[in-house]
Each structure stands twice: as C-alpha cells, then as structure tokens.
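The residues making up each chain are set out below.
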Amino acid sequence: MKKRILILFLTILSACKQESKIDNSNEIWTEPELSELNSIVSEFDRILTTEYKTDSENKAYLEYSNNVLQNQIVPNLNGMEKLSSDLKKFVVFDKIWWKYTDSNSEYFNLKTDSNYIKYLTEIGKKSDFIKNYADQLNQTRDLLPSVIAGFSKNIENIDLTDKNNRLIFAIHYLTLINR
C-alpha cells in the first residue's frame, strides 16, 4: 500500500512539474527552431530570475514588466546583450526579426509578415491578451507606444507559467531593446 501511494505521489509530482512546451500545432517551426525558441525562453528566465533574485519566473516577469511600465524604459539587464547577439546567429532569427544598421550598430525589429505573427495568431486562439496583441501588430505593422504600454500594463492577464507566453514576452522585450 505504501509503495502504491509513493508511486502515485511521484506521478502527481512529475505531472505538476512538467513544463509547458512551445506550441507547434500548425508546424510553423522546425525542430532546430523549436530548440532555439526554448533556449531563448530559458535564458530570458535565467536573466530575470537572477536580476529579481527569485525562483519564480512568474514573479520575475511581472516585476520586469512593472519596471517597464513605471519607468517608461525597457531595462537592458545583465545578460541581455549576449542573448541579443546570440539571437542573430539563430536559424529562427529570420522568421521573427529583420536586421538594419546605422554607421555604428546593428539593430533588429519584428517582421510583420512572418512565422512569428502566424504563431502569435495561433496562440491568440487560447488567450484574449495574445489575440489582441497579434491583432494590433497585424494592423499597425509595428510595436507602437500604445501596444508597448498595453503589453506592460496588462501582463497579469496571461499565464506566465505557460512557456509560449514567456516566449512572446521575451521576444517583445528583446525586440524593444534592439530596435
């Protein structure tokens, strides 16, 4: 009897600890791209939890977003420059962003006709917050100040335990830092 209870307990614990995965129901991403997207989320998680000294990704993401909203600036935290540089080498980069340069630096911004927008639209079927965000990007073709403010202000309306939402959060803020 004790053995059955232990097995049941371990099974439940394992199920609770399973992390959500990047949605690929429409096969938008290839396996290498999914791997890169997962690494973006993992590194962004690490940067935020280190900065805000917490084990809770949810708490770290909310604090970062509140910081953006209160200070009207997107903090470029320790580790984000390296992550931004690494992104440019990823296969998935061209399916999310486009690059541009001035005489001194290279920047990037969201592609509005891309696999990423298709992904946002798909995720938006399960979240009004993401649906609204995707609709605004489709209409404006850019991250306008109203879209940026709305994202920061309403972030508590999404489930940050869902890896897809954290990926969208990471891409949103990495884009703002690099444009």
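As a reminder, the structure under discussion sits directly above these lines.
Residues numbered from 1 in each chain as written. Predicted model: local features only at pLDDT ≥ 70, side-chain atom pairs only at ≥ 80, totals over all residues. Heavy atoms only, no water.

### So, the nonpolar core
Now for step 1: Grouped together as the largest cluster of nonpolar side chains are 52 residues, with contacts concentrated most on Trp29, Phe44, Leu48, Tyr64 and Tyr116.
Now for step 2: Within the residue set of this core, elements represented by two or more residues are helix H2 (31-51), helix H3 (57-71), helix H4 (80-87), strand S2 (106-110), helix H5 (115-123), helix H6 (128-140), helix H7 (145-153) and helix H8 (163-177).
Now for step 3: By residue number, the principal contributor to this core is H8, which donates 9 residues.
Now for step 4: When neighbours within four sequence positions are excluded, Tyr116 is seen to be in contact with Trp29, Lys95, Ile96, Leu110, Ile168 and Ile171. (Core = buried A, V, L, I, M, F, W, Y, C linked by side-chain atoms within 4.5 Å. Buried < 20%, exposed > 50% of the residue type's maximum accessible area, 1.4 Å probe, protein only. Helix = DSSP H or I, 4+ residues; strand = E, 2+ residues; numbered from the N terminus. Contact = heavy atoms within 4.5 Å.)

### Description of the packing of aromatic side chains
Now for step 1: With the rule as written, the count across this model stands at 18 aromatic pairs.
Now for step 2: Here the aromatic rings of Tyr64 and Tyr173 are separated by 5.2 Å at their centres, their planes lie at 85 degrees, and the arrangement is edge-to-face. Linking Tyr64 in helix H3 with Tyr173 in helix H8, this pair joins segments that are 109 residues apart in sequence.
Now for step 3: Members of the aromatic cluster, each reached through a chain of ring pairs, are Phe44, Tyr61, Tyr64, Phe129, Tyr133, Phe151, Phe169 and Tyr173.
Now for step 4: The ring of Phe93 carries Lys99 above its face, with NZ or CZ at 5.4 Å from the centroid. (Phe/Tyr/Trp six-rings, centres within 6.5 Å; stacked < 30°, edge-to-face > 60°. Lys NZ or Arg CZ within 6 Å of the ring centre and 35° of its normal.)

### Topic: the pattern of salt bridges
Now for step 1: Scanning the model with the defined rule gives 9 salt bridges in all.
Now for step 2: Residue Lys82 is joined to Asp86 by a salt bridge in which the shortest nitrogen-to-oxygen separation is 2.9 Å. In this pair, Lys82 and Asp86 both sit in helix H4, 4 residues apart, roughly one turn of the helix.
Now for step 3: In this structure, Arg179 and Asp142 form a salt bridge, with 2.9 Å as the shortest nitrogen-oxygen distance. Note that Arg179 is positioned in the segment after H8 and Asp142 in the loop between H6 and H7, a separation of 37 residues in sequence.
Now for step 4: What makes Arg179 partly exposed here is its relative accessible area of 32%.
Now for step 5: When its relative accessible area of 26% is taken as the criterion, Asp142 is described as partly exposed. (Salt bridge = Lys/Arg side-chain N within 4 Å of Asp/Glu carboxyl O.)

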